[in-house]
Amino acid sequence: MEPNAAAEQFRTEGAIAAVRPYGGGNINDTFLVALRDNPMRYILQRLNPVVFPDPGLVMANLRLVSDHMRRQLPATAADDGWQVAEVIPCRHGADYLVDANGFCWRMTRFIERSRVCETVTTPAEAREVGAGLGRFHRLLSNLDVTRLHDTLPGFHVTPQYLAAYDSVCDNSPREDAACRAVIERRRSGAMVLEEAKARGVLPLRVMHGDPKISNFLFGEGTGRVVSMVDLDTVKPGLIQYDLGDCLRSCCNPAGEEPTDLAAVAFDLESCRAIVGGYLAESASFLTENDFRFVYDAVRIITFELGLRFYADYLAGNRYFKARDDEHNLRRARVQFRLLASIEAQEEEIRAMAGGER
Ligand code: GN1
Ligand code: MG
């Protein structure tokens, strides 16, 4: 189904004027929908069926989380202005549409008077990103995590990505010796968070799953984070993966697709500001153990994403959208370079969260 035809199936408040591609996701296709006689806009998405084979579960989680968050607001003065994107139902009443080719489409209200940052440019912005993630976790900290579906079994379970990598390695004609060496050297250290989860040291909580810089919305002119979007990966998990992934993304100003690999480095100043902002908002629900894993979280999630990109390159680019055959290999090299920069600053990062293991 064409995006225009899909958009027509939803309960928009007026006739549709334009549907255009929006954002740069690696998985789903996203469109911005504008109306003819109404300034209201919407986000229309077509879910990637390879990644999300059961869109009903994704939408059930989205509903649960959005409704819960809306009911909490404002829990503290800091939540004033926090926005939750409204799910727009289809004309026939369901939350999503499945077209004749089996693709799932869904629509949410566009959050107006907001902007996306592609990189963190000031310490104040970094602190606000950390605070935004803290607010998101806090607003969901009293939602019973067992009510959420596991929409993506194995997502952010590093040992499972290693197992998948091992099997694709044996069957792929491709290889990159440097990537292979990075993976072999980090293999044993990649289990720390999953072991802590298994031992009950870290509890399952509601995790966003993809808190990269472009999923934080800043209020226009306020400098404050007013929402976190891209809730497809919200599921029971470790909040450490979220903080780690947020640091991975926001402390690398060169981004995930730099033209110059040498520009990739982990910025300690941003890290300090993000951790500070996060701790200020999350003190009410964090436990002693939570603080101890900040360094492990950022190094493991960076390793994991590099491993995922590299394994997808070996598998022939089936999971992440790729512009050319080596796109995922280049993405993997970026994450592995960032990982080396993180490891070189281990002591400083550990000191920030006050954690010694
Ligand atoms: C994918 O599609 P996007 O950009 O929202 C991926 C994340 C990665 C991210 C890296 C479901 O997210 O895990 O961190 O790319 N999402 C999924 O840019 O695999
Ligand atoms: Mg995402």
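In what follows, the accompanying structure is described. Not measured: the values here are computed from a predicted model.

**Points about the layout of surface pockets**
Next up, step 1: Quantified by volume, the second largest pocket comes out at close to 530 Å³.
Next up, step 2: Around the second largest pocket, the lining comprises 21 residues; the ones closest to its centre are Tyr-161, Ala-164, Arg-308, Ala-311 and Tyr-319.
Next up, step 3: Sorting the residues of the lining of the second largest pocket by element identifies α4 (158-171) and α10 (294-314) as the ones contributing at least two each.
Next up, step 4: Per-element tally for the lining of the second largest pocket: the top contributor is α4, with 5 residues.
Next up, step 5: In terms of residue class, the lining of the second largest pocket is built from 15 nonpolar, 3 polar and 3 charged.
Next up, step 6: Mapped onto the domain boundaries, the lining of the second largest pocket takes at least three residues apiece from domain 1 (3-112) and domain 2 (116-356).

**Side note on the site of ligand 1**
Next up, step 1: Near ligand 1, the surroundings consist of 15 residues, among which Asp-210, Lys-212, Glu-256, Arg-308 and Tyr-319 are the closest.
Next up, step 2: Separating an oxygen atom of ligand 1 from a side-chain N or O atom of Asn-26 is a distance of 2.8 Å.
Next up, step 3: Interatomic distance of 2.6 Å between a side-chain N/O atom of Arg-308 and an oxygen atom of ligand 1.
Next up, step 4: When the free accessible area of ligand 1 is taken as 440 Å², the share hidden by the protein chains comes to 94%.
Next up, step 5: Considered class by class, the residues forming the shell around ligand 1 number 6 nonpolar, 3 polar and 6 charged.
Next up, step 6: Residue assignment places the shell around ligand 1 across two domains, with domain 1 (3-112) and domain 2 (116-356) each supplying three or more.

**Quick word on the pattern of salt bridges**
Next up, step 1: Under the criterion given, the structure shown has 28 salt bridges.
Next up, step 2: Between Arg-63 and Asp-95 there is a salt bridge whose closest N-O contact spans 2.8 Å. With a gap of 32 residues between them, Arg-63 in helix α2 (residues 55-72) and Asp-95 in the loop between β4 (87-88) and β5 (97-98) connect regions that are remote in the sequence.
Next up, step 3: By relative accessible area, Arg-63 is classed as partly exposed at 28%.
Next up, step 4: Of the residues examined, Asp-95 reaches a relative accessible area of 17% and is grouped as buried.
Next up, step 5: Linking Arg-186 and Glu-343 is a salt bridge whose minimum nitrogen-to-oxygen distance equals 2.6 Å. Placement of the pair is Arg-186 in helix α5 (residues 177-186) and Glu-343 in helix α11 (residues 327-344), with a sequence separation of 157 residues.
Next up, step 6: For Arg-186, a relative accessible area of 13% gives the class buried.
Next up, step 7: It is possible to trace a salt-bridge network through shared partners that takes in Asp-79, Glu-128, Arg-135, Arg-138 and Glu-281.

**Topic: empty space enclosed by the protein**
Next up, step 1: Under the counting rule described, the total for this entry stands at 1 cavity of 30 Å³ or more.
Next up, step 2: Taken as a whole, the largest cavity encloses approximately 80 Å³ of empty space.
Next up, step 3: Lining the largest cavity are Ile-239, Gln-240, Leu-243, Tyr-278, Leu-279, Leu-286, Asp-290, Phe-291, Phe-293 and Val-294.
Next up, step 4: Take the lining of the largest cavity: its biggest share by element is 3 residues, from helix α7 (residues 239-250).

**Structural notes on the coordination of the magnesium ion (ligand 2)**
Next up, step 1: Within the first shell, the magnesium ion (ligand 2) binds the protein through Asp-210 (OD) and Asp-230 (OD), at distances of 2.0 Å. Linking Asp-210 in the loop between β8 (205-207) and β9 (216-219) with Asp-230 in the loop between β10 (225-228) and β11 (235-237), this pair joins segments that are 20 residues apart in sequence.
Next up, step 2: We classify Asp-210 as buried; its relative accessible area is 18%.
Next up, step 3: Taking relative accessible area as the criterion, Asp-230 reaches 26% and is therefore assigned partly exposed.

Thresholds applied
- Residues numbered from 1 in each chain as written.
- Chains lettered and ligands numbered in written order.
- Predicted model: local features only at pLDDT ≥ 70, side-chain atom pairs only at ≥ 80, totals over all residues.
- Heavy atoms only, no water.
- 1 Å grid on protein atoms, 1.4 Å probe; cavity = no way out; pocket = protein on both sides within 12 Å on 5 of 7 lines; lining within 4 Å.
- Points joined across faces, edges and corners; volume = space filled by probe spheres on them.
- Helix = DSSP H or I, 4+ residues; strand = E, 2+ residues; numbered from the N terminus.
- Nonpolar A, V, L, I, M, F, W, Y, C, P; charged D, E, K, R; others polar.
- Domains from an automatic or database assignment.
- Near = heavy atom within 4 Å.
- Polar contact = N/O pair within 3.5 Å; in protein donor to acceptor, adjacent residues only side chain to side chain.
- Areas by Shrake-Rupley, 256 points an atom, 1.4 Å probe, with all protein chains shown as cover.
- Salt bridge = Lys/Arg side-chain N within 4 Å of Asp/Glu carboxyl O.
- Buried < 20%, exposed > 50% of the residue type's maximum accessible area, 1.4 Å probe, protein only.
- Donors = N, O, S within 2.8 Å, 3.2 Å for Na, K, Ca; no water.

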